[in-house]
Amino acid sequence: MKILFISMSPIHKGVSIGNTFLNVLEGLPDAEFSSVYTKGGAPDARVQNAFQISEKMLVKKLLHKTDTAGRRVEERGVQTDAHPDKLVTFARKKRYTVFFWGQALLWALPYWKSDALHAFLDECKPDILFTVLSDSVPLNRLICHIQAYVQKPLILYAWDNNYTLKMGLVSPLCRLNRHINRIYMRATVKKAAQMYVISDVQKRDYEKAFGISCKVLTKSADFSGDPPVKAAYNTPLQIVFTGNIGTNRWKSLAMIAKALKTVNRDGVRAQLRIYTATPLTHKMREALDIDGSSFLMGAVPASEIPRIQSDADMLVHVEAFDRKNRLLVRQSFSTKLVDYFKAARPILAVGPRGIASIEHLAANDCALVAQSVEEICRALESVTEDHDKLDALSEKAYACGKAHHDKTAMQQMLQADLSKIVKEERA
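Report on the accompanying structure. (Residues numbered from 1 in each chain as written. Predicted model: local features only at pLDDT ≥ 70, side-chain atom pairs only at ≥ 80, totals over all residues. Heavy atoms only, no water.)

**Considering the pairing of strand β11 (residues 294-298)**
Test applied: When DSSP locates at least two bridges between a pair of strands, those strands are taken to pair. Every helix listed is a DSSP run of H or I at least four residues long, and every strand listed is a run of E at least two residues long, numbered separately from the N terminus. We call a crossover right-handed when, viewed with the strands running away from us, the connection from the first strand over the helix to the second turns clockwise.
Pairing of strand β10 (residues 270-275) with β11, which is carried by four bridges, proceeds in the parallel orientation. The residue bridging R273 from the neighbouring strand is F295, located in β11. After leaving β10, the chain enters helix α10 (residues 282-288) and then returns to the sheet as β11, a path that is right-handed.

**A word on a nonpolar patch on the surface**
Keep this limit in mind: Patch definition: residues with relative accessible area over 30% and no salt bridge; like charges joined within 9 Å; nonpolar side chains (Val, Leu, Ile, Met, Phe, Trp, Tyr) joined within 5 Å. The protein chains shown are the only cover counted for residues, whose accessible areas, like all others here, come from Shrake-Rupley with a 1.4 Å probe. In what follows, salt bridge is the name for a side-chain nitrogen of Lys or Arg lying within 4 Å of a carboxyl oxygen of Asp or Glu.
There is a patch of nonpolar side chains on the surface, built from L173, L176, I180, I183 and Y184 and spanning about 410 Å² of accessible area. Mapped onto the secondary structure, I183 falls in helix α7 (residues 172-190).

**Remarks on the sheet that holds β11**
For clarity, the threshold we go by: Angles here are taken between N-to-C directions and fall from 0 to 180 degrees, while the axes themselves are lines fitted to C-alpha atoms, restricted in helices to the stretch in contact. By definition in these notes, contact holds between two residues if any of their heavy atoms fall within 4.5 Å.
If you walk across this open sheet you meet the six strands as β11-β10-β9-β12-β13-β14, and the pairing is parallel. The sheet is open, and its two edges are formed by β11 and β14 (368-370), each paired on a single side. Averaged over all adjacent pairs, the angle separating strand axes in this sheet is 25°, with direction ignored. Of the strands in this sheet, β12 (314-318), β13 (347-350) and β14 touch helix α14 (residues 356-363), which is tilted by about 135° from β13.

**Notes on the environment of G292**
Within the secondary structure, G292 sits in the loop between α10 and β11. Separated by 66 residues in the primary sequence, G292 and I358 have C-alpha atoms spaced 28 Å apart. Those residues in contact with G292, other than ones at most four positions away along the chain, are N264, V268 and Q271.

**Digging into the state of the cysteines**
Test applied: Cysteine sulfur atoms are paired as a disulfide whenever they fall within 2.5 Å. Burial status follows relative accessibility: with a 1.4 Å probe on protein chains alone, a residue under 20% of its type maximum counts as buried, one over 50% as exposed, and anything between as partly exposed.
What the rule picks out here adds up to zero disulfides. Between C400, a free cysteine, and C366, which holds the nearest cysteine sulfur, the sulfur-to-sulfur gap is 4.0 Å. For C400, a relative accessible area of 2% corresponds to the buried category.

**Comments concerning the packing of helix α2 (residues 55-62) against helix α4 (residues 97-108)**
Short version of the rule: Orientation categories follow fixed angle ranges, with anything under 35 degrees roughly parallel, anything over 145 roughly antiparallel, 65 to 115 roughly perpendicular, and all other angles oblique. Each helix crossing is assigned a hand: it is left-handed if the near helix lies turned anticlockwise from the far helix by less than a right angle, otherwise right-handed if that turn is clockwise. Each residue is assigned to one class: nonpolar for Ala, Val, Leu, Ile, Met, Phe, Trp, Tyr, Cys and Pro, charged for Asp, Glu, Lys and Arg, and polar for all the others, Gly among them.
Where α2 contacts α4, the two axes come as close as 10 Å, and the packing angle between them is 55°. One way to sum up the angle between α2 and α4 is to call them oblique. Here α2 runs over α4; the crossing is left-handed. Residues E55, L58 and V59 of α2 touch α4, and the partners they reach there are Q103, L106 and W107. A class-by-class count of the residues in the contact of α2 with α4 yields four nonpolar, one polar and one charged.

Next comes the structure, spelled out in structure tokens:
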């Protein structure tokens, strides 16, 4: 089966979208991957054919400095631009609405609909188009053009809450931009033969919004063996968080740090260690670096994370409580939770109810779920001296992974769906 990815970033295991796509399609028999993408860098070695169309190429074509806007990519494994343009770097950092409009105007030019692109598509002859449901106008225009040209089934995978109009406090321009983006998103959805979503919350929202049937598809892992429950716990209990603490997640971690001060008032019973590459302000350091209770460990290589999680006595999942960030992640499911389930470690989850990740943990009774400092205190005090409860939480976490994120089940569902779609298209 020939699968063509369409994306902004190159399909590479070191890039978020590439890691997700390659994970969910891993093990698909006789799969041949191709890719069309719009940012700098090169794809993973598993991508056999690749074509790049970047804004830089479009500008050069506009200025008559090149004959075509697009090129076949032969190199593999380079994740990002070696020397990104200062303007591009600034635009990605600030994300002003006017930059998105400028990008959309550039892609309104016909240069990217090139003979070179069409020749690449003719050579690849994909059976399936696989892409993310994005709010990017250029990407949606590219998806629709390729689908119209090759006349093959389109598969969409959604994981961001980028369609809703509930956006918190944003500028009128940003809200207008969302309305424009939604037009192009609906046009892309209409062409889809199947849509996958990241959570039950998103499934309900999108089935209502688009009037189509969706299936939940998440990152998966091998849960075929017995849960690797920890043989012995540390004294004091070692609680670990790994990942990004931006978008106000640090405030939820600060709630845990504050609760630990109370838990440890008569002796150190538990400690929080935070591994993150997020740049820290003085306020963040002051809230998270608490002598004897909470420690900032800095950044570590991704290869070290599995060992750190395995050594931990308890793993932490946090989401922000403020309205803007709560709405931002309401439909999302953290892929990191699958790693937590696989590790079979007790989970402490701090975040608002009503968002997908917290609801998933609560519904499967596989974590200590808390929304306040007081609730965190009670949760931690209930388990710090009770290792049987920690073992039970570990087993429930692994059982949740096996029930909802098992690689074999996910691959069987995806393989059956894609085979059926291709068979129906060929009939």
